[in-house]
Amino acid sequence: APAFGLWIATAAALLVAWWFARGRTGGDPRRDVVASSVLLAACATVAGAWHHAQWRLFRTDDVGHYADVEPRSIVVEGLLVDAPRIARAPQSWTGGGASTSELKTRFALRVDRLRDGTVWRTASGRADVQVDGEFDGASAGDRVRMFARLVGSPPALNPGEFDFAEHYRAERTLCVLRVARAASIEVLARHAWWDPPAALARWRAAAHRTLLERLPREQVGFASALLLGFRDQMDRRDNLAFFRTGTVHILSISGLHIAMLALFLNGALRIGWLRRTTAALVTGGVTVAYACVIDAEPPAVRAAVVVVAVVAATTVARRPLNLNVLAASALVVLANNPNEMFRAGPQLSFLAAAVLAWAAGR
């Protein structure tokens with residue numbers, strides 16, 4: 001892609017310019033500012049190249065290239081990226097309207113093969129799998145084969161409507177696989193124990209099952225949303241009520257949840273149990289583990305990085321700077337997925353955190 005090469009060439013030129021400017025500052029503050037500005041511009045162009053690669057560069061055999069507006073039958077093989085999530089309430093799934101089934105199952109699939117007639121071809125890419133009915137015969141990391149209908153993620157048809165195509169593209173997912181029934185999915189191989197992402201997804205699914213088994217049905221939806229980020233068990237009327245009142249953010253795992261966990265855990269550990277440094281290290285470790293288990297959404301990552309920075313400062317007896325810590329968390333989020341920069345949720349989340357950091361500094 002010419003644009004990607006242009007980004008890289010510009011970054012290389014700026015780095016060379018910075019290298020020469022750096023050696024000729026001679027202690028002059030104005031030259032130091034120029035050299036720092038050139039280095040900052042080089043970093044910005046590298047970030048632009050990374051965003052271009054994540055948004056536009058897909059392999060030629062990506063399964064999404066076979067998708068169209070009209071569904072087509074396909075047989076694919078791949079690995080489950082996360083554990084299947086079962087929803088009770090009927091929902092209008094993307095890629096072809098609502099179904100009459102009362103139970104729905106959803107998971108992400110990393111495709112590696114597809115069948116073209118009688119010939120199997122290598123493939124790549126992620127797909128959002130939507131199953132009519134209940135499917136719990138596989139877990140994260142399992143290899144499966146499925147007969148499904150392939151369709152591209154539909155774009156927004158009206159002004160202001162949610163754009164599913166852009167939403168999934170930001171996650172590097174270009175298509176949807178709709179499966180008519182669970183019997184159309186065959187498990188070919190079970191997961192390997194050394195796959196950390198799959199292990200985290202299984203732990204999250206196990207915690208979700210524990211809530212389903214131990215709590216009354218009317219409480220499961222709220223508990224799953226508040227503790228694990230699962231809103232699939234929420235009653236449709238409750239979901240609509242939160243949306244209409246503008247309080248749906250309470251149901252999403254945010255920095256508030258992470259901060260409360262860190263605050264109360266550190267306070268409990270300090271009540272005569274552990275020393276300050278040890279309690280801070282334990283708090284940081286548990287916070288990072290929890291952020292990983294809940295699928296590390298941008299607000300949770302931001303809060304987890306802030307907690308880790310505060311723990312590091314506590315360990316070396318330094319005071320962390322609020323805006324510097326927030327900037328570091330933004331770099332971590334954007335390094336993981338630069339497309340988050342153009343989403344309203346992360347933008348508002350970091351804006352609110354920046355205002356609070358500024359106010360705390362004042």
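All of the points below concern the structure found in this document. Residue numbers restart at each chain and count upward from 1, following the sequence in its written direction. This being a predicted model, a pLDDT of at least 70 is required before a residue's local features are given, and a value of 80 or more before pairs of side-chain atoms are given or counted; all residues contribute to the totals for chains, interfaces and linings. Here the side-chain values reflect all heavy atoms present in the structure, with hydrogen atoms and water set aside.

Helical segments are the DSSP runs of H or I of at least four residues, strand segments are the runs of E of at least two, and each set is numbered from the N terminus. Assigned secondary structure in the protein consists of 11 helices and 10 strands. With the C-alpha coordinates of the protein rotated into their principal frame, the extents come out at 70 × 60 × 45 Å. Buried positions account for 38% of the 362 residues belonging to the protein. Should any heavy atoms of two residues lie within 4.5 Å, those residues are considered in contact. Sequence separation of 24 or more characterises 71% of the internal contacts of the protein that already satisfy a separation of 6 or more. Accessible area of the protein: about 21000 Å², with a carbon and sulfur share of 62%. Asp and Glu are treated as the negative residues and Lys and Arg as the positive ones, with His and the ends of the chain left uncounted. Every charge is mapped onto a representative atom, which is NZ of Lys, CZ of Arg, CG of Asp or CD of Glu. One way to put it: in the protein the 41 positive side-chain charges average out to a point 7 Å from where the 30 negative ones average out. The rule is simple: take the accessible area with a 1.4 Å probe, protein chains only, and divide by the maximum for that residue type; under 20% is buried, over 50% is exposed, in between is partly exposed. Under the convention used here, a 1.4 Å probe and the Shrake-Rupley method define accessible areas, while residue burial counts only the protein chains that appear.

What follows deals with the pairing of strand β6 (residues 119–122). A pair of strands is treated as paired once DSSP finds two or more bridges between them. With four bridges connecting them, strand β5 (residues 104–116) and β6 associate as antiparallel partners. Bridging across to β6, Asp 116 finds its partner in Val 119. The turn linking β5 back onto β6 is made up of two residues, and Gly 117 within it adopts a positive phi angle of 70 degrees.

Geometry of an aromatic ring pair is reported as the spacing of the ring centres plus the angle between the planes. In summary, the pairing rule links any two rings of Phe, Tyr or Trp, Trp by its six-membered ring, whose centres are within 6.5 Å, and it sorts them by plane angle into stacked for under 30 degrees, edge-to-face for over 60 and tilted for everything else. A complete count under the given rule lists four aromatic pairs for this structure. Arranged with centres 6.3 Å apart and planes meeting at 65 degrees, the rings of Trp 18 and Trp 19 form a pair that is edge-to-face. With relative accessibility at 54%, the residue Trp 19 sits in the exposed group. The interplanar angle of 20 degrees and the centroid separation of 6.4 Å between the aromatic rings of Phe 164 and Tyr 168 together place this pair among those described as stacked. Of this pair, Phe 164 and Tyr 168 both sit in helix α3 (residues 164–170), four residues apart, which is roughly one turn of the helix. Residue Phe 164 is classed as partly exposed on the basis of its relative accessible area of 29%. Accessibility expressed as a relative area gives 9% for Tyr 168, which makes it buried. Linked through ring pairs, Phe 162, Phe 164 and Tyr 168 together constitute an aromatic cluster. The ring of Trp 55 has Arg 169 sitting right over it, with the charged end atom 5.0 Å from the ring centre. For a ring to carry a charge above it, either NZ of a lysine or CZ of an arginine must fall within 6 Å of the ring centroid while also lying within 35 degrees of the normal to the ring plane. For Arg 172, the ring lying beneath its charged end belongs to Phe 58, and the centroid distance is 4.3 Å.

For the rest of this paragraph, the subject is helix α8 (residues 276–293). Compared with the 26 Å implied by 1.5 Å per residue over 18 residues, the 26 Å span of α8 between its first and last C-alpha is a close match. Listed in full, the buried residues belonging to α8 are Ala 279, Ala 280, Thr 283, Gly 284, Thr 287, Tyr 290, Ala 291 and Val 293. At the C-terminal side of α8, Asp 295 shows a positive phi close to 80 degrees. Expected helix span is given by 1.5 Å per residue-to-residue step, counting one fewer step than there are residues.

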